[in-house]
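# Chains, contacts and geometry: an overview
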Amino acid sequence: MYDFITGPLLWVVFAVFLGGLAYRVVWYVKGLSQPLDRVAYSSFPADGAKGAARSILFWLLPFGTHSWRTKPGFTAAFFGFHIGAVLVPLFLAGHAVLLKQRFGLPWPSLPQGLADVLTALALVSIVGIALRRISLPEVRIVTTWYDWLLLVIAAAPLFSGFIAVMHWGDYQFWLLAHILTAELLLVAIPFTKLYHVVGFFLSRAQIGMDYGIKRGGRKGRNMPW
Ligand code: HEM
């Protein structure tokens, strides 16, 4: 079982994940309108790049935008979850060892204690995000089973990995659960709103370019639109 899910199945999962994301990126870029987007972006690439970088950077900074500052509780839970959800899988010492063993890749890793703290913080934060979906009426009415499913899919690899690392319960069981739930997450990303792992950068870049060029960015500087 272990050999299968860390061998052939893992390759299929990576192919679906990377192929699916590449397809969605190409689809997004192809979907840009010639008159509304492409003409402006290609006429003023420097203003566009500056606007895109600004928009992405400020949204990646905790409390960096007006929207992040208006909901401080959600913002704290959001960053508490996302910092662990992104950094721990990429830089966990256990994952770095696998990359070194299998592909000879030297890979940086987080100290184990810090990875444990970030994982615990991510789990507490996602419980906070879930409670917000229940307790705020304006969020509750727009929440469907699909949102709950994605919260579970996002939390499951962190939860099972944490239990395995802590050696609570049957280690083999939790290790297999961790690998399978991580593979489920990777396959789900291109097909669900979890695609925002790249979609966030695409849409923020586009909005940033819009503001950097058309919506005031080039005001008074030879802007025909
Ligand atoms: C660099 C990568 C990522 C970026 C920039 C990002 C950004 C975002 C943004 C902007 C939102 C919307 C917040 C809002 O409602 O205002 C969001 C929500 C969410 N993200 Fe990510 N994300 C990233 C990676 C991930 C990963 C790897 C996972 C899963 C492990 C994930 C799981 C989620 C979930 C479950 C939500 C919905 C929370 C809710 O139910 O309200 N994200 N993310």
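Heads up: the structure comes first, above all this text.
So, here is what we can say about the structure in this document.

Rules of the game
Residues numbered from 1 in each chain as written. Predicted model: local features only at pLDDT ≥ 70, side-chain atom pairs only at ≥ 80, totals over all residues. Helix = DSSP H or I, 4+ residues; strand = E, 2+ residues; numbered from the N terminus. Buried ≥ 20, exposed ≤ 12 C-beta atoms within 10 Å, placed from the backbone. Contact = placed C-beta atoms within 7 Å. Core = buried A, V, L, I, M, F, W, Y, C linked by C-beta atoms within 7 Å. Near = placed C-beta within 6 Å. Nonpolar A, V, L, I, M, F, W, Y, C, P; charged D, E, K, R; others polar. Expected span 1.5 Å × (residues − 1). Arc of directions from axis to C-beta.

The next thing to look at is the overall build of the protein chain. For the protein chain, the count of helices and strands is 12 helices and zero strands. Each helix (α) and strand (β) of the protein chain, taken in turn from the N terminus, gives the series α-α-α-α-α-α-α-α-α-α-α-α. When the backbone C-alpha atoms are referred to their principal axes, the protein chain occupies close to 65 × 45 × 35 Å. The proportion of buried residues among the 225 residues of the protein chain is 21%. Long-range contacts, defined as pairs at least 24 residues apart, comprise 68% of the intrachain contacts of the protein chain with a sequence gap of at least 6.

The subject of this paragraph is the nonpolar core. Grouped together as the largest cluster of nonpolar side chains are 18 residues, with contacts concentrated most on Phe81, Ala85, Ala122, Ile126, Ala154, Leu158 and Leu185. At five residues, helix H11 (residues 171–191) tops the list of elements feeding residues into this core. Among all residues touching Ile126, those that are not within four sequence positions of it are Phe81, Leu151, Ala154 and Ala155. Counting residues in hydrophobic clusters, the runner-up holds six residues, among them Tyr41, Phe44, Met209 and Ile213.

If you check the shell around the ligand, you find 14 residues, and the closest are Ala85, Ile129, Ala154, Val197 and Phe200. Taken together, the elements giving at least two residues each to the shell around the ligand come down to helix H6 (72–91), helix H10 (145–166) and helix H12 (196–213). Classifying every residue of the shell around the ligand gives 11 nonpolar, two polar and one charged.

So, on to unusual backbone geometry. Even without a glycine there, the phi angle at Phe63 is positive, about 65°. With respect to the secondary-structure elements, Phe63 resides in the loop between helix H4 (45–60) and helix H5 (66–70). The phi dihedral of His167 falls on the positive side, at around 55°, and the residue is not glycine. With respect to the helices and strands, the residue His167 is situated in the loop between H10 and H11. According to the C-beta neighbour criterion, His167 is exposed, with 9 such atoms within 10 Å.

Taking 1.5 Å of rise per residue, the 20 residues of H6 would be expected to cover 28 Å, and the 28 Å separating its terminal C-alpha atoms lies within 8% of that figure. Those residues of H6 not exposed but buried are Ala77, Gly80, Phe81, Gly84, Ala85 and Val88. Viewed end-on, H6 has its buried residues packed into an arc of 115°, placing them on one side of the element. Turning to H6, the residues buried within the fold contact helix H8 (112–135) and H10.

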